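# Summary of structural features
This is what each chain is made of:
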Amino acid sequence: MKRIFFVLSTLSLLGLLQWGVTTLLLDGPIRQGPYYYQILILAGINIVLAVSLNLTNGIAGQFSIGHAGFFAVGAYMAASVSYYAGPAIRGLVGFLPLAGQDAAVLLLALAAAALATALAGLLVGIPSLRLRGDYLAIVTLGFGEIIRVLILNIDAVGGARGFSGIPKLSNFFWVYLLVAAVIATVGNLLRSSYGRAFIAIRENEIAAQAMGIDVTRHKVLAFVISSMFAGMAGCLFGHYTMYLHTNSFTFVKSFEIIIMIAIGGLGSIEGAVLGAVLLTVLPEAFRGFESYRMIIYSLALILIMIYRPQGILGQASVLKRLGARMAARRSAQGNVPVTAPAADGGNGG
Amino acid sequence: MALLRLQNATIRFGGLLAVKDLCFAIEEGELFGLIGPNGAGKTTVFNMITGVYSPTSGAILFDGKPIHGKAPHVIAASGIARTFQNIRLFTSMSVLENVLVSAHMRSSQGVLASVFRGPAFHREETAHREEAMRLLALFQLDKLADEAASSLPYGSQRRLEIARALATKPRLLLLDEPAAGMNPQEAADLMRLIRRIRDEFKVSILLVEHNMKVVMGVCERIQVVVHGEGIAMGAPAEIRKDAKVIEAYLGRE
C-alpha cells in the first residue's frame, strides 16, 4: 500500500514539475528558458550515467572506462526502433490519444535499448570480469571505440552524417523518472545483501569468495545493470536531441562520467548525483570566460582532487543512514519480532 | 567416514614442489593441527583445500565427495570456511556487515526482490541481522556491531574473522595462524574459544599455528609437514617425542 502510494506520489510530483518547468522555461517569461531547460535535461541524463557507472566503478570496484559505448548502443538502438518501427507501433495502439501513442513508442524504444545494452554488457563483461586486474578497463575502452566506429559505418543509422529525424518523445518527465528509477535501483541494491556482496568484492576479492560469493557472477551483474541504465539514458538523450552523432560518444564522454563520480565521491550515490550536476552546470557557468573556460574548469577539477581526494561527499551515504533509521523504526513499531538489538540500530542515524 | 580427506595431494608451482603426496583425514568434530617450520607449505595446503589453488595431482574429498579443482565459492558453499593468516576483513564495512556478507549465499532474495523490497525481503534481512548479532554476541563483538571493522583492535579483528567464517555455517573451519601476534593471555583465551566453537557449532577445526603451546594444548591430532611432505602424524604427546619432528625443528645433534 505504502509502496503504491510512494510510486503514485513520485509520478504526480514529476508530472507537476513537468508542467511547471514547461510553462516556466519553454512557454514562459524567462528569456533563456529553453537553454535552462536543456541544461536540466542534460543534467538528468548525466545523473543517470554517473549513478549507473558508480555501481560498477565505485561500489563493486571494477574499473570500466567505456560507459559512453553503452550510452551509444542504447541511443542508436532506441532511435532505430522509434524511427523505423514507430509508425507501426502507433498503428497498433491507434486507439490511444496521441500522447499515449508517444508513450508507447518511447517505452518500447526504452525496452529495446535496455535489452540491447544489457546483452552488450553481458558480452563484454563475462570474458573480461573473469580475470582479476585491469582487463575490464582495457576491454571497455576498446569496446567504446569499436562501437563508435561501427556505428559510423552503418548507413541505416546515418553513418558519418549522423542520425536525424528521431521523434522528440523524451522530456523532463521521462528523464527524471529514469533518474528516480536509477537512484532507487542502485540505492536499494546497495542496502541489500547484493550491495554488501559488491562492496565485499571491492574490499577483498579473496575473502569475498571464501565467504561463498560467486565473484565473477556478481561483477557481471553489477556491470550489466549499470550498462542497462546507460542504454536507457541513451534512449532518452536521442529522443530529446532528435539527432545523434558518434561525436557525442567518444571516450572523452566516458572519462567525463568517471570524473563525475570521482568528484562526487566514488561509491556514493549522492556524490554521483552532485558530480553529474556540477559537471553539467560548471562548463555552462564558465561560458562567460570564453576561451579560458576549459582552463578554469580543469583548475576546478584539480583543486577538488587536491583538497578532497575522496570526492566532495566521500563515502558518506545519506541513503544508508536513512535506511538504518527506517529499519530501527520498523522494529520499534513491532512489525517484526525483534529479540536481538534493533538490527542495524538507531545509532546508525 | 572422515569429513575431509587428502589423498596424495600434490601441488607444483613450476619447478617448485610445494606439497608432495600429502595424506591425512579429519574426522567429524575433530580439532586437528597442521604444523611445520616456516615455508613448509601449510598455507598452501589451506589454499588447496579452499580452492584458491587446485592440486596438480591427488584428490581432496569433503564428506566423501571430491572438491579439488572447484571454485572457492563453491567449496565455501559446501561447508568449508576459513580465516586468513594476514587478516582480510572488509575494512570499510561495519562489524555487523562483515558477518552479514557470509549470509549472502544463503539469501533467497534475487536482484528484483532486493530492488523492490517486499515483505519477504525485510523478513529475511531481519532474520540474517538477528542471526549475525547472536553470533557477534558469542564473540563479545555485539557492542561494536556498528563500528568500522578497520577500527577494531588486532585481537578483535581476529575474532571477527572467525565470526565471519562461522556465519557461512561451515562443517569444517580452517584457522590460519589465529594466535599470530597474540600475547600469552590472549593465546590462552583463544584456546578456550576454539574449544567452545567446536562444542557449540559442532564443527571440525583444522588449525595451522606456530604457537606450540596453542597447538599442543588444543589439538587432538597433529600432522607435521616439512618441505611439503608429511613426516609425522599423531596425538600431541607422540608428536613431541617424534625424532623426525625434533630434527626438523631443532636440527640433528
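The structure under discussion appears in the preceding block.
Quick notes on the rules
- The residue numbers shown here count from 1 along each chain, following its written sequence.
- Naming scheme: in the order in which they are written, chains are lettered from A and ligands are numbered from 1.
- For a predicted model such as this one, the threshold for reporting local features is a pLDDT of at least 70, and the threshold for listing and counting side-chain atom pairs is 80 or more; totals across whole chains, interfaces and linings nevertheless cover every residue.
- Each side-chain value is derived from all of the structure's non-hydrogen atoms; neither hydrogens nor water enter the calculation.
- By definition, any uninterrupted DSSP run of H or I lasting at least four residues is a helix, any uninterrupted run of E lasting at least two residues is a strand, and each is numbered from the N terminus.
- Using a 1.4 Å probe on the protein chains alone, a residue whose accessible area is under 20% of its type maximum counts as buried, one over 50% counts as exposed, and one in between counts as partly exposed.
- Here a residue-residue contact requires only that any non-hydrogen atoms of the pair lie within 4.5 Å.
- For the accessible areas, the method is Shrake-Rupley and the probe is 1.4 Å, while residue cover comes only from the protein chains on display.
- The span one expects for a helix is its residue count, reduced by one, times 1.5 Å.
- In protein, a polar contact means a hydrogen-donor-capable atom and an acceptor-capable atom, both N or O and within 3.5 Å, with residues adjacent in sequence counting only if both atoms are side-chain atoms; elsewhere, any N or O pair within 3.5 Å suffices.
- Strand pairing follows a simple DSSP-based rule, namely that at least 2 bridges must link the two strands.
- Throughout, an axis means a line fitted to C-alpha atoms (over the contacting stretch in the case of helices), and angles, computed between N-to-C directions, take values from 0 to 180 degrees.
- Only buried Ala, Val, Leu, Ile, Met, Phe, Trp, Tyr and Cys residues count toward a nonpolar core, and they belong to the same one when joined by side-chain atoms within 4.5 Å.
- Accessible surface is computed with a 1.4 Å probe, and the buried area is the amount of it that two parts give up when combined, taken over both parts together.
- Put simply, a salt bridge is a Lys or Arg side-chain nitrogen that is within 4 Å of an Asp or Glu carboxyl oxygen.
- Charged means Asp, Glu, Lys or Arg here, nonpolar means Ala, Val, Leu, Ile, Met, Phe, Trp, Tyr, Cys or Pro, and polar covers whatever is left, Gly included.

## Description of the overall build of chain A
- Scanning chain A for helices and strands turns up 13 helices and two strands.
- Here chain A holds 349 residues, and 52% of them are scored as buried.
- When contacts within chain A are restricted to residue pairs at least 6 apart in sequence, long-range pairs at least 24 apart make up 76% of them.
- Just so you have it, chain A exposes about 15,900 Å², and 70% of that area is on carbon and sulfur atoms.

## A look at helix 6 (residues 172–190) of chain A
- Over its 19 residues, helix 6 of chain A extends 27 Å from the first C-alpha to the last, a length consistent with the 27 Å expected when each residue adds 1.5 Å.
- Two or three places before A:Phe173, at the start of helix 6 of chain A, stands the capping residue A:Asn171, its side-chain oxygen 3.0 Å from that residue's backbone nitrogen.

## Observations regarding the sheet that holds strand 6 (residues 80–82) of chain B
Residue and element names in this part refer to chain B.
- Taken in spatial order, the six strands make up an open sheet running 6-7-8-3-9-10, and their pairing is mixed. Edge positions in the open sheet fall to strand 6 and strand 10 (229–234), since each of these has one partner strand only. Sheet twist, expressed as the mean angle between neighbouring strand axes with direction ignored, is 20°.
- Relative to strand 9 (residues 221–226), strand 3 (residues 31–35) runs parallel, the two sharing four bridges. Bridge pairing in strand 9 places Leu 34 opposite Gln 223.
- Packed on one face of the sheet, helix 6 (residues 154–166) meets strand 6 and strand 7 (172–176) and runs near 155° to strand 7.
- Seen against the sheet, helix 7 (residues 184–201) touches strand 3, strand 7 and strand 8 (204–208) and runs at an angle of roughly 155° to strand 8.

## Digging into the sheet that holds strand 1 (residues 4–13) of chain B
Residues and elements named next belong to chain B.
- What the four strands build is an open sheet, ordered 2-1-4-5; its pairing is antiparallel. Unpaired on one side and paired on the other, strand 2 (16–26) and strand 5 (65–66) mark the two borders of the sheet.
- Pairing analysis gives five bridges linking strand 1 to strand 4 (residues 57–62), with the strands arranged antiparallel. In the sheet register, Thr 10 faces strand 4, and the bridge partner there is Ser 57.
- On the sheet, helix 1 (residues 42–49) packs against strand 1, strand 2 and strand 4 and is oriented at approximately 110° with respect to strand 1.

## A look at the nonpolar core
- By size, the foremost hydrophobic cluster in this structure holds 106 residues, and its most contacted members are A:Ile45, A:Phe198, A:Leu244 and A:Phe249.
- Here this core takes 15 residues from helix 9 (residues 215–241) of chain A, the largest share from any one element.
- Ignoring any residue separated from it by four or fewer positions in sequence, one finds A:Phe198 in contact with A:Leu55, A:Ile59, A:Ala60, A:Leu189, A:His218, A:Leu221 and A:Ala222.
- With 47 residues, the next largest nonpolar core counts B:Ala163, B:Ile194, B:Val214 and B:Ala232 among its residues.

## Remarks on the interface of chain B and chain A
- Taken together, the contact pairs 39 residues of chain B with 38 residues of chain A.
- Summing both partners gives a buried area of about 3,400 Å² for chain B against chain A, and 60% of it is carried by carbon and sulfur.
- Per-residue buried area on chain B facing chain A is highest for B:His73, B:His104 and B:Arg117; these three make up 18% of the total on that side.
- Counting across the chain B and chain A interface gives one salt bridge.
- Between B:Glu125 and A:Arg196 there is a salt bridge whose closest N-O contact spans 2.9 Å.
- Viewed at the interface, chain A and chain B are joined by ten residue pairs in polar contact (both at pLDDT 80 or more).
- No other element matches the eight residues that helix 5 (residues 119–138) of chain B contributes to the side of chain B that touches chain A.
- Among the residues forming the side of chain B that touches chain A, the class breakdown is 16 nonpolar, 13 polar and ten charged.

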